[in-house]
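Coordinate inspection notes
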Amino acid sequence: MNTSNTSLSELFDVNCAVGEWPFRRVPCNTIDRLLDRMDRLGIRRAALSRLENVFFKDCLVGNRELAALITPHPGRFFPLYTVNPAFPGWDVDLDICVDELGLAAGRGGIRLYPSYHAYPLDGPQAAALLERAQALNVPVVATARLEDERTHHWLVKVPAVPHDQLAAAIAAHQAVRWVIAGLRAPQIRVVWRALQQQRAAARARVLFDLSLVQGPIDECRLLVEAVGAERLAFGTNLPLTAPESPALALAHSDLPAQTVAAIGGGNAARHLGAGGTARPEP
Amino acid sequence: MPTIDCHVHTWDWLGFTRGGEGPAYWDRCRAWAEQLDVTYVVSCPKPIGRRPGEEPDPGFLHAANQETFDFVRQMKGRAIGLCYVNPRYQESAFAEMEEWIGRRGFVGLKLLTGVHCNDPLLDPIVDWCAQRRVPICQHTWNKANGNGPNESTPMMLAELARRHPDATLVMYHTGGDFVYGAKAARGLDNVYCDIGGADAVDGVLEHLVEHVGADHVVFGSDLPGRSLTSQLSKVHGARLSDAQKEQILHGNMARILAARNP
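Residues numbered from 1 in each chain as written. Chains lettered and ligands numbered in written order. Predicted model: local features only at pLDDT ≥ 70, side-chain atom pairs only at ≥ 80, totals over all residues. Heavy atoms only, no water.

**Brief notes about the interface of chain B and chain A**
In plain terms, the rule: In this description, contact between two residues means that some pair of their heavy atoms is separated by no more than 4.5 Å. Put simply, buried area is how much 1.4 Å-probe accessible surface two parts lose in total, over both of them, once they are put together. Here, a salt bridge means any Lys or Arg side-chain nitrogen found within 4 Å of an Asp or Glu carboxyl oxygen. Pairs of N or O atoms within 3.5 Å make up the polar contacts considered here, provided that, within protein, one atom can donate a hydrogen while the other can accept it, and that residues adjacent in sequence are counted only when both atoms are side-chain atoms. Put simply, DSSP marks the helices as runs of H or I at least four residues long and the strands as runs of E at least two long, and each gets a number from the N terminus on. Ten residues, namely Ala, Val, Leu, Ile, Met, Phe, Trp, Tyr, Cys and Pro, are considered nonpolar, four, namely Asp, Glu, Lys and Arg, are considered charged, and the remaining ones, Gly among them, are considered polar.
Listed per partner, the contact involves 35 residues of chain B and 33 residues of chain A. Summed over both sides, the interface between chain B and chain A buries roughly 2,900 Å², with carbon and sulfur atoms accounting for 55% of that surface. Counting the contacts that link chain B with chain A gives three salt bridges. Here Asp218 of chain A ties to Arg28 of chain B by a salt bridge, and the two come within 2.5 Å at their closest N and O atoms. Where chain B touches chain A, the interface holds 15 residue pairs in polar contact (both at pLDDT 80 or more). If you list the elements that add at least two residues to the side of chain B that touches chain A, you get helix 1 (23-36) and helix 8 (228-236) of chain B. The dominant element in the side of chain B that touches chain A, judged by the number of residues it contributes, is helix 8 of chain B, at six residues. Here the residues of the side of chain B that touches chain A sort into 13 nonpolar, 14 polar and eight charged.

Rendered as structure tokens:
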């Protein structure tokens, strides 16, 4: 079993982070280890956030670290700056991301962890941030889940972002370029159906990542039938989840090569506005 | 690399294949087995026509085992069966084991949530299997949001394993959390840790191997709820040697099955 499908030669990971996790050691905790893993799997680019920002109160600290980490590796990473719209001064911190770290259209996006940061994605705080994202013309990666809730730490049980919140936020901010990260296959269908019922599906600019689509059998093919190949994107949830899972799922999906290439990287590059192809460093 | 998948179910429990239960799902199982060179060790936790969560009474269990038998036949050499019993119904359990393991070629026992697996009701059943060196595959989880009724934990299985050192026990799911399950299984030579079900969490298989050894880890997928690719990625992505991966994917389960004397 391998991932040597030629359609997978230019993978773009829309759901990636680097850093430490409070509950266990993760193998790809550094940028060098992450790059090594990416190169072995043929992941040319990754939309990257700072994992510590899931738990940091001041996300600007992690965002500055992220900018420093990716600077030596031009073309490999598309930075996702974490913003917590429920925390004081998020708007000023976002200005700093723009003015000092270079966040702009085609040069980065915003990462949201609504459950971990304890705000509703369809509430007024998130709405204010989403309006800024739209004005900046930068994509928003909303994290629905990071880990299986059944395996959470006994003191840190964080529910997934509810389907209705996801659908409501996407429907209310249709000009925003969304990536919804960490949904299971049945949940993608539920959100999609909700968007259809709200007559927002056709206009919604949304990609669903495959990182936690880890079943059932034929998951990729069935999702393509349900939501369309143009709505799906390769994502790994690194460093928490094995990136081989979505890579193998795509490689053995029996989908046409063109479809695999679109899900593997083409959709992400177009949707994030991160055109161009990066090569592994020598 | 040939693979023995020790944890597969006959039922399409959410209608994933659109064929619902039965042949449409089974056809897809066979296609995947051929494509990826996999042999399934299969059980039926809910026969066609019965409701999920229904009490597995003797009629339910016999229908389940008949369905497993039918599935095995349909797989044409790509599947072998496990006999499902509920220790709460002792007479039924022994009748099912005698029929399906003793006479009709099933290779082991499947236990789910009839009773907690450290319940003394299991003792005569485990003795029967130990005498024949037939493996017992016991569902285990340790859920942060609480286990279901009679859902066993890895620590309960460890208690059973200490009580029956001659029995071969496969800890299905390894508690769903390898960091937890590894500590429960450590040092128990008669316990094998199944890696099926749950997400492909990066780095935790290495943790499990470090605690119990690669010779005590077996590959399972938990089809159909999980895909073969996601579960195989746990092994293919792990920082283990090729020899260790072969043990997990094939060698250990082959050794367990070869030791049987039914």
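Back to the write-up after that little detour.
**Description of the packing of aromatic side chains**
The condition is simple: Stacked, tilted and edge-to-face pairs are distinguished by plane angle, under 30 degrees for stacked and over 60 for edge-to-face with tilted covering the rest, among Phe, Tyr and Trp rings (Trp via its six-membered ring) whose centres lie within 6.5 Å. Exposure classes here rest on a 1.4 Å probe applied to the protein chains alone. A residue is buried below 20% of its type maximum, exposed above 50%, and partly exposed in between. A positively charged side chain is recorded as over a ring if its NZ (Lys) or CZ (Arg) lies within 6 Å of the ring centre. The angle to the ring normal must also be within 35 degrees.
For the structure shown, the criterion picks out nine aromatic pairs over all chains. Measuring from centroid to centroid gives 5.4 Å for Trp21 of chain A and Phe55 of chain A, while their planes differ by 50°, and the two rings are tilted. Of this pair, Trp21 of chain A sits in the loop between strand 1 (11-18) and helix 1 (31-41) while Phe55 of chain A is found in the loop between strand 2 (43-50) and helix 2 (59-70), placing the two residues 34 residues apart along the sequence. Of the residues examined, Trp21 of chain A reaches a relative accessible area of 3% and is grouped as buried. Arranged with centres 5.7 Å apart and planes meeting at 50°, the rings of Phe69 of chain B and Trp100 of chain B form a pair that is tilted. Here Trp100 of chain B lies in helix 3 (residues 90-103) and Phe69 of chain B lies in helix 2 (residues 58-75), a separation of 31 residues in the sequence. Both residues of the pair, Phe69 of chain B and Trp100 of chain B, count as buried. We note Arg104 of chain B situated over the ring of Phe69 of chain B; from NZ or CZ to the ring centre the distance is 4.4 Å.

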